[in-house]
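# Chain and residue survey
These are the residues of each chain, in order.
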Amino acid sequence: MKITIKTIAKLAGVSIATVSKVVNGKDQNITEGTRNRVLKVIKENNYVPNRIASSMVTKKTKTLGLVIPDIANPFFPEIARGVEDKAKDKGYNVILCNTDNDIEKEEGYIEMLQEKMVDGIIFTSSSRRKNVSQSLLKLHIPVITVDRNIEGLKTQGLVRVDNEIGAYDAVKYMIDRGYKKILHITGPIASRPTRERLKGYKRALESNNIAYDEKLVFEGSFSSDWGYECIDKIISNDIEFDGIFCGNDLIAMGVIKELKNHKLKVPDDIGVVGFDDIYLAVMIEPELTTVRQPTYEMGYKAAELLINTLEEKEIDQNDYMLKTTLIIRNSTK
Ligand code: RIB
C-alpha cells in the first residue's frame, strides 16, 4: 500500500494540514504530544514526504542552494556546516555546489538551482569574479552572500567579518613583537576580503611610522601553492624581510613549508601570520598565529537570514559584520 500524507493523518488521528505542518517544520502551534505521535507514525511507516507534490501547492520546496568557491579550502566546509545545521533545524534541505572558483561553473549552478526550484540561495562568489552577470541580476529568488559581496548585485543580506580590523590587529601585533620588514602575501585583489585586509595592513604600518612599500605586497590566490611559489620568488630576488602577513591560512602553510626548504626558521628567523583559523592551523609545525573568523557562525547566520526572509519574518539588519579574533600561537616570536 502506498503511504501518503492522508494515510499518516488517518493513522495518527490528525488532519492532513497537521501532518504537513510537522513535516515542514511549521509545527510551533502543535502540542508536543501530537507532534511526537505524528513523527512516530511517519517513522513506523517509512513515510517520505513528496516534496515535488507539496511544492506544486505551496510553491516552496523547502530547499536552499549553497554555492561555495573552493570545497578544498577548509574555510568553506565550515561555512556549509553552519548553513546545514540551521537549515535542518528549520526543516530545510540544502543543495551544495562547489565552483572551484570557476565563474562559468558558478553561472551554471545558479541556473540549475533555479531549475530545481530552490527557495533561496546562499552564495560566496569566486575570488576571481570582478563584476555581476546578467544571470545573477535576473535572479528572482532571495540571495544572501557570505564573506564577500558582488558589486552591483542587490541581495537580501551579507554576512562577513571586519577584515580591515582583523588585518590591522595582526600586523600591529607583529610590529609590537619587533618585526620591521613585513611582507603581505595576498589573495586575489578582485576579492573584497583581500582589498580590506590590504587596507588593514597599510593602516597598521602607517600608524606605527613604517612606510608602506608596495614592493613588499604580492598578490596571488588563496592557496598554499601561491604561498610556496611566492617565497621562492621573493628569496631569489634577495628581498629583505623578517615577517609575513598572509591573506589566509592556506597561503601561510605554503609559506612556512618553503621557508623551511630555504633553511629559514619560523618564528626565529621569520614570523608568519595567517587569516581564517581553519582546523589545519594547529596541525602544522609551528602552530599558526592567525586571525580567527567565526566561520560556522557566518554560515548559520546566513541561513537564518535567508529563512527569515523566506518566512517573511522581521530581519533586524541585513548587513552582518562579525568580529575576528587574533589567535596567538607559535609562528610568531
Ligand atoms: O580562505 C579563503 C578566503 O576566502 C578566506 O579568508 C575567506 O575570507 C574568503 O575570502
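The paragraphs below set out a description of the structure included in this document. (Residues numbered from 1 in each chain as written. Predicted model: local features only at pLDDT ≥ 70, side-chain atom pairs only at ≥ 80, totals over all residues. Heavy atoms only, no water.)

With that settled, the discussion passes to a nonpolar patch on the surface. A grouping of Y279, V282 and M283 is seen on the molecular surface, where their side chains present a nonpolar patch of about 340 Å² in accessible area. Here Y279 shows up in the loop between β9 (271-273) and β10 (290-292). (Patch = residues over 30% accessible without salt bridge, like charges linked within 9 Å, V, L, I, M, F, W, Y side chains within 5 Å. Areas by Shrake-Rupley, 256 points an atom, 1.4 Å probe, with all protein chains shown as cover. Salt bridge = Lys/Arg side-chain N within 4 Å of Asp/Glu carboxyl O. Helix = DSSP H or I, 4+ residues; strand = E, 2+ residues; numbered from the N terminus.)

A few words now on the packing of helix α1 (residues 5-12) against helix α3 (residues 32-44). At their nearest, the axes of α1 and α3 sit 9 Å apart, and the two run at 125° to each other. If you check the angle between α1 and α3, you find them oblique. Pair α1 / α3 crosses with right-handed handedness. Contacts between α1 and α3 involve I8, L11 and A12 from the former and R37, V38, V41 and I42 from the latter. A breakdown of the residues in the contact of α1 with α3 according to their chemical character gives 6 nonpolar, no polar and 1 charged. (Axes fitted to C-alpha atoms, helices over the stretch in contact; angles between N-to-C directions. Parallel < 35°, antiparallel > 145°, perpendicular 65-115°, else oblique. Left-handed = near helix turned anticlockwise from the far one by under 90°. Contact = heavy atoms within 4.5 Å. Nonpolar A, V, L, I, M, F, W, Y, C, P; charged D, E, K, R; others polar.)

Moving on: the layout of surface pockets. Counted as a void, the largest pocket has a volume near 540 Å³. Taken together, 25 residues line the largest pocket, and the ones lying closest to its centre are V22, V23, G25, K88 and G91. Those elements that place two or more of their residues in the lining of the largest pocket are α2 (16-23), α3, α5 (75-89) and β2 (93-98). In terms of residue class, the lining of the largest pocket is made up of 9 nonpolar, 5 polar and 11 charged. When residues of the lining of the largest pocket are sorted by domain, at least three fall in each of domain 1 (5-49) and domain 2 (61-161 + 295-322). (1 Å grid on protein atoms, 1.4 Å probe; cavity = no way out; pocket = protein on both sides within 12 Å on 5 of 7 lines; lining within 4 Å. Points joined across faces, edges and corners; volume = space filled by probe spheres on them. Domains from an automatic or database assignment.)

Quick look at the sheet that holds strand β5 (residues 157-161) now. Sheet strands line up and pair through hydrogen bonds in the backbone, either parallel or antiparallel. Read from one edge of the open sheet, 6 strands run β2-β1-β3-β4-β5-β11, paired in parallel fashion. Every other strand in the sheet has two partners, leaving β2 and β11 (319-322) as the edge strands with one partner each. Averaged over all pairs of adjacent strands, the angle between strand axes in this sheet comes to 15°, irrespective of strand direction. With 4 bridges joining them, β5 and β11 adopt parallel strand pairing. Residue pairing for β11: L158 is matched across the bridge by D319. On the sheet, α5 packs against β1 (63-68), β2, β3 (120-123) and β4 (143-146) and is oriented at approximately 170° with respect to β1. (Pairing = 2+ DSSP bridges.)

Turning to unusual backbone geometry, a few remarks are in order. In this chain, V266 is followed by P267 through a cis amide linkage whose omega measures 5°. Tracing the chain through its elements places P267 in the loop between α11 (249-261) and β9. In this structure, P286 follows E285 across a cis peptide bond, with omega equal to -5°. By the secondary structure assignment, P286 is in the loop between β9 and β10. Even without being a glycine, N101 presents a positive backbone phi close to 60°. Position of N101 relative to the elements: it lies in the loop between β2 and α6 (103-115). On the basis of relative accessible area, N101 is assigned to the buried category, the value being 14%. In this model, M117 sits at a positive phi of 60°, which is unusual for a non-glycine residue. Within the secondary structure layout, M117 lies in the loop between α6 and β3. (Buried < 20%, exposed > 50% of the residue type's maximum accessible area, 1.4 Å probe, protein only.)

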